[in-house]
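Coordinate inspection notes
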Amino acid sequence: MRKNLTLAWRNIWRNRKRTIITAASVFFGVLLSTFMTSMQEGTYSKMIDNVVSFYSGYIQIHQNDYWENKTIDYCFTPGNSLLETLKNTPDIVFHVPRLESFTLMSHGNNTKGAALIGIDPPKENHLSKLSHWVVEGNYLKPGDDGILLAVNLAKNLGVEVNDTLVLISQGYHGASAAALFPVRGILKFPSPAMNNMGGYIDLKTAQNFFSVPNQYSSLVLMVSDYSEVNRVKHSLKRDLADSYEIMSWDEMDPLTKNMIDADRSGAYITKGILYTLVGFGIFGTVIMMMAERRKEMGIMVAIGMQRSQLSAILFIETALIGLIGVLAGFAISLPLISYLVFHPIPLTGEAAKAYEEFGFEAAMYFSVQWFIFARQVLIIFILTLVIYVYPLVKTYGMKLTRALHA
Amino acid sequence: MNVIEVKQLKKIYNTTEVKVNALNGVDLTFEQGEFAAIVGPSGSGKTTLLNMLGGLDEPTEGEIRIGGTNILELSSSKLIDFRLRNIGFVFQAYNLIPVLTALENVEFIMQLQEVPKKERQQRAIALLEQVGLGDRTNSRPSKLSGGQQQRVAVARALASKPKFVLADEPTANLDSKSTANLLDIMEELNRKENITFVFSTHDQRVVNKARRVITLEDGQIISDLKKE
Ligand SMILES: Nc1ncnc2c1ncn2[C@@H]1O[C@H](COP(=O)(O)OP(=O)(O)O)[C@@H](O)[C@H]1O
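Cut-offs used in this document
- Residues numbered from 1 in each chain as written.
- Chains lettered and ligands numbered in written order.
- Predicted model: local features only at pLDDT ≥ 70, side-chain atom pairs only at ≥ 80, totals over all residues.
- Heavy atoms only, no water.
- Helix = DSSP H or I, 4+ residues; strand = E, 2+ residues; numbered from the N terminus.
- Rg over C-alpha atoms; globule rule 2.2 N^0.38 Å.
- Buried < 20%, exposed > 50% of the residue type's maximum accessible area, 1.4 Å probe, protein only.
- Contact = heavy atoms within 4.5 Å.
- Areas by Shrake-Rupley, 256 points an atom, 1.4 Å probe, with all protein chains shown as cover.
- Lys, Arg positive; Asp, Glu negative; His and termini not counted.
- Charge placed at Lys NZ, Arg CZ, Asp CG, Glu CD.
- Buried area = accessible area lost by both parts, 1.4 Å probe.
- Salt bridge = Lys/Arg side-chain N within 4 Å of Asp/Glu carboxyl O.
- Polar contact = N/O pair within 3.5 Å; in protein donor to acceptor, adjacent residues only side chain to side chain.
- pLDDT = per-residue confidence, 0-100.
- Axes fitted to C-alpha atoms, helices over the stretch in contact; angles between N-to-C directions.
- Parallel < 35°, antiparallel > 145°, perpendicular 65-115°, else oblique.
- Left-handed = near helix turned anticlockwise from the far one by under 90°.
- Nonpolar A, V, L, I, M, F, W, Y, C, P; charged D, E, K, R; others polar.
- 1 Å grid on protein atoms, 1.4 Å probe; cavity = no way out; pocket = protein on both sides within 12 Å on 5 of 7 lines; lining within 4 Å.
- Points joined across faces, edges and corners; volume = space filled by probe spheres on them.

1. Here's the deal with the overall build of chain A
When you go through chain A residue by residue, the secondary structure sums to 16 helices and 12 strands. Here chain A has a C-alpha radius of gyration of 31 Å; the compact-globule value for 406 residues is 22 Å, and the former is much larger. For the C-alpha atoms alone, the extent of chain A along its principal axes is close to 100 × 50 × 25 Å. Here chain A holds 406 residues, and 50% of them are scored as buried. At a minimum sequence separation of 6, the contacts of chain A that also span at least 24 residues come to 77%. Working note: accessible area of chain A is about 19100 Å², and carbon and sulfur atoms make up 60% of it. A gap of 21 Å separates the mean positions of the 35 positive and 33 negative side-chain charges of chain A.

2. Focus: the interface of chain A and chain B
At the junction of the two partners, chain A supplies 23 residues and chain B supplies 28 residues. Considering only the side of chain A, the residues that lose the most area to chain B are Lys3(A), Arg10(A) and Ile303(A), jointly responsible for 29% of the buried surface there. At the surface where chain A touches chain B, the tally comes to two salt bridges. Its salt-bridge partner being Arg10(A), residue Glu104(B) comes within 2.6 Å of it at the nearest N-O pair. Summed over the shared surface of chain A and chain B, the number is six residue pairs in polar contact (both at pLDDT 80 or more).

3. A few points about the confidence of the model for chain B
Here chain B averages 91 in pLDDT, and 100% of its residues register 70 or above. The ipTM for the predicted assembly is 0.93, set against a pTM of 0.81.

4. Regarding the packing of helix H4 (residues 117–130) of chain B against helix H5 (residues 146–159) of chain B
Residue and element names in this part refer to chain B. Across the interface, H4 lies against H5 with an axial gap of 9 Å and an inter-helix angle of 135°. Of the possible angle classes, the one that applies to H4 and H5 is oblique. Considering only the axes of H4 and H5, their crossing is right-handed. Side by side, H4 and H5 meet where Arg123, Leu127 and Leu128 of the first sit next to Val152, Ala155, Leu158 and Ala159 of the second. The class makeup of the residues in the contact of H4 with H5 is six nonpolar, no polar and one charged.

5. Observations regarding empty space enclosed by the protein
All names here are of chain B. Applying the stated rule across the entire model yields two cavities of 30 Å³ or more. Its boundaries defined by the atoms lining it, the largest cavity holds a volume of some 50 Å³. For the largest cavity, the full set of lining residues is Leu50, Asn51, Leu56, Phe89, Val90, Phe91, Leu166, Ala167 and Asp168. The element contributing the most residues to the lining of the largest cavity is strand S7 (residues 164–168), with three residues. Taken together, the residues of the lining of the largest cavity break down into seven nonpolar, one polar and one charged.

Here it is as structure tokens:
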């Protein structure tokens with residue numbers, strides 16, 4: 001084995017220039033691909049973060065059938081077994097209650113239909129940093145009797161901070177709900193959809209308004225890491241599915257999920273083309289390498305080297321060239337990406353606007369997850385394996401008498 | 001015992017439009033310690049015969065026994081192993097692995113035989129000294145002359161302790177001085193260590209050194225002379 005490695009190593013440096021060019025093509029492939037994947041993953045996780053933190057959280061627990069109907073009749077009081085389960089699931093960092101329904105809001109002659117969300121002000125702030133988006137007035141205090149309004153909705157209603165808003169809705173099982181709410185603050189989110197959406201009031205106040213004391217429409221769960229979401233969801237489903245509806249962010253916001261999936265498949269094609277080119281580059285080198293050494297390989301087998309060993313040496317040569325390219329690629333991309341993760345590239349002009357419309361800060365985000373790099377190693381290894389078919393067929397098919405007279 | 005025993009060997013090439021009877025019923029035996037030359041005009045079948053004797057190609061008909069083993073019955077990987085342990089090869093030119101030094105080239109074959117490192121090195125150095133290259137052990141082939149390369153090839157052929165050494169026109173690319181030198185070395189190894197050499201040649205000086213001269217024509221042996 002060591003001898004094979006030595007031979008392979010020396011062989012690849014017989015044509016230094018060609019080896020460097022081939023390794024360089026792997027290098028650029030790896031560099032581009034890691035860079036691209038890192039940017040994709042960075043962007044996706046930012047998108048998910050947005051969805052998750054502004055709105056849905058990673059996972060929500062509802063009364064069965066709540067999501068289909070979304071009315072106050074589907075709210076619930078979390079039982080001890082539910083709270084116990086949440087406490088005992090290690091990856092759930094905390095959970096936040098909400099009571100959500102639909103109301104008519106009016107001020108003067110203006111009336112708008114909008115979502116009304118009852119929140120626990122400090123807890124909600126911990127989850128979604130809602131207070132960040134207060135541009136006028138103040139954030140809610142616990143037990144507050146006022147309302148926070150999204151900026152566009154406030155504009156449409158013609159209300160300002162300290163004006164009073166009339167809210168009319170249907171409470172539990174058809175009970176009527178109506179009350180006056182002073183406007184405490186105006187919220188301006190980075191996402192236009194959110195800016196039209198609705199208002200926030202204190203949870204207790206909401207429970208009274210809708211006549212559902214101690215009830216929630218959802219529990220929003222914060223999970224320690226994005227990658228744990230599915231595992232946690234399944235574990236909760238196993239324990240709670242009989243009485244509760246457990247939904248993850250992608251089920252609640254399929255649009256974002258679909259956008260990410262579509263973008264991902266587009267990127268797979270690009271990377272596929274990139275690696276196909278790299279693969280052909282390596283393949284060309286292997287073909288030349290073997291054509292030049294036909295006689296030498298004939299001699300090796302003639303004097304007693306097994307064809308399996310010869311093809312192993314050729315495999316190692318290909319793999320070494322690939323490895324040099326991959327390592328060189330990582331040597332540049334790893335530090336670069338690690339830096340960019342903490343220093344996103346700010347965007348300006350049109351691109352910046354487009355980002356802001358989707359509710360992002362205008363910057364290119366990067367991710368430095370291990371799989372981005374592991375995948376490159378795997379791809380190059382698979383390419384090497386596929387290319388290896390050629391030396392394998394050639395060495396096993398080699399006719400000695402011909403090779404010796406090449 | 002006969003080292004090589006060949007019976008009714010025929011080789012027909014069908015690859016071209018006309019069938020070529022490269023070997024046409026050759027019967028031949030070699031004993032331990034022979035120093036034999038196979039001669040004949042170009043196209044007479046020398047290379048074809050040597051390839052058969054070395055297990056590098058299969059005859060169309062006939063039987064080849066080496067040290068009693070019918071090599072035509074061996075599977076392809078067994079045959080490679082058989083060559084490794086029983087036959088030493090010296091080809092016309094460019095015999096050596098270019099990325100290995102002279103010493104490593106000689107060691108290489110013993111590595112394939114899994115000879116322990118220490119023994120391998122000692123033997124390789126001794127062999128290189130025997131062929132007069134004790135001072136060039138660390139040179140790569142590209143730094144050696146054609147004659148020196150052939151001497152390394154002889155050392156390599158002997159390293160595996162083969163039953164015999166096959167050399168297909170080993171002096172074809174050498175000047176007369178290197179030819180004489182190489183022949184002297186081979187002859188000395190033959191006399192002193194009783195190593196069997198079978199080589200093909202065009203070269204009259206090589207023929208003169210041989211103690212047995214087998215002449216081929218049109219794939220048949222037309223004379224087989226032993227000098228003593
Ligand atoms: N691979 C081959 N295909 C077809 N004909 C061949 C092949 N190898 C050798 N021959 C023919 O077989 C005959 C003997 O060739 P060879 O053994 O090379 O003779 P020599 O070594 O004496 O010059 C020649 O006529 C040659 O053209």
